[in-house]
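Spelled out from the first residue to the last, the chains are:
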Amino acid sequence: MHYIRAAVPDVNDIVVVTDSDDVMTIDLAPLHVVRDPRRIELGHPPYSDLREMWWVETEADSHLRHFATYDIFFHSGGVTDAGKAVRDRAEKRVAALIAGPGIDPAA
């Protein structure tokens, strides 16, 4: 079970911040990280549409699907026409992924 769903079962009790103008982040990671050379860094497998669809089907619970319906902008300054075009493409892709297989996310 995902933490957010466990901590706040009713999605209506969650406020989703949709603009970076309303967000403050603090990085608590150390500035200098020493990696153990004996540790193997596998990383993530390459991106693929099939892998993304698998993730949505197996991992995206009702909370995550609800959050995917929000437009969230990270920007400095106003949202440009290019930013709006990216938003429009992203909306179509998210809708297609939530709808399931058989839908062309590029349409």
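Residues numbered from 1 in each chain as written. Predicted model: local features only at pLDDT ≥ 70, side-chain atom pairs only at ≥ 80, totals over all residues. Heavy atoms only, no water.

A.B. asks: What's the story with the overall build of the protein in this structure? I'm lost.
C.D. replies: Per the secondary structure count, the protein includes 4 helices and 0 strands. Within the protein, the proportion of its 107 residues that are buried is 11%. Across the protein, every contact between residues at least 6 apart in sequence was considered, and the portion connecting residues at least 24 apart equals 68%. For the protein, the computed accessible surface area is about 9000 Å², with 59% contributed by carbon and sulfur atoms. (Helix = DSSP H or I, 4+ residues; strand = E, 2+ residues; numbered from the N terminus. Buried < 20%, exposed > 50% of the residue type's maximum accessible area, 1.4 Å probe, protein only. Contact = heavy atoms within 4.5 Å. Areas by Shrake-Rupley, 256 points an atom, 1.4 Å probe, with all protein chains shown as cover.)

A.B. asks: Before we go on, may I ask you to explain the environment of Val17 in this structure?
C.D. replies: Inspection of the secondary structure assignment puts Val17 in the loop between α1 (3-7) and α2 (49-59). Given a relative accessible area of 36%, Val17 falls into the partly exposed group. When residues no more than four places from it in sequence are discounted, the contact partners of Val17 are Asp22, Val23 and Ile72.

A.B. asks: Where do I start with a nonpolar patch on the surface in this structure?
C.D. replies: Together, Val15, Val17 and Val23 give the surface a local cluster of nonpolar side chains, amounting to about 260 Å² of exposed area. Among the structural elements, Val23 can be located in the loop between α1 and α2. (Patch = residues over 30% accessible without salt bridge, like charges linked within 9 Å, V, L, I, M, F, W, Y side chains within 5 Å. Salt bridge = Lys/Arg side-chain N within 4 Å of Asp/Glu carboxyl O.)

Any functional reading would require information beyond the geometric quantities listed.
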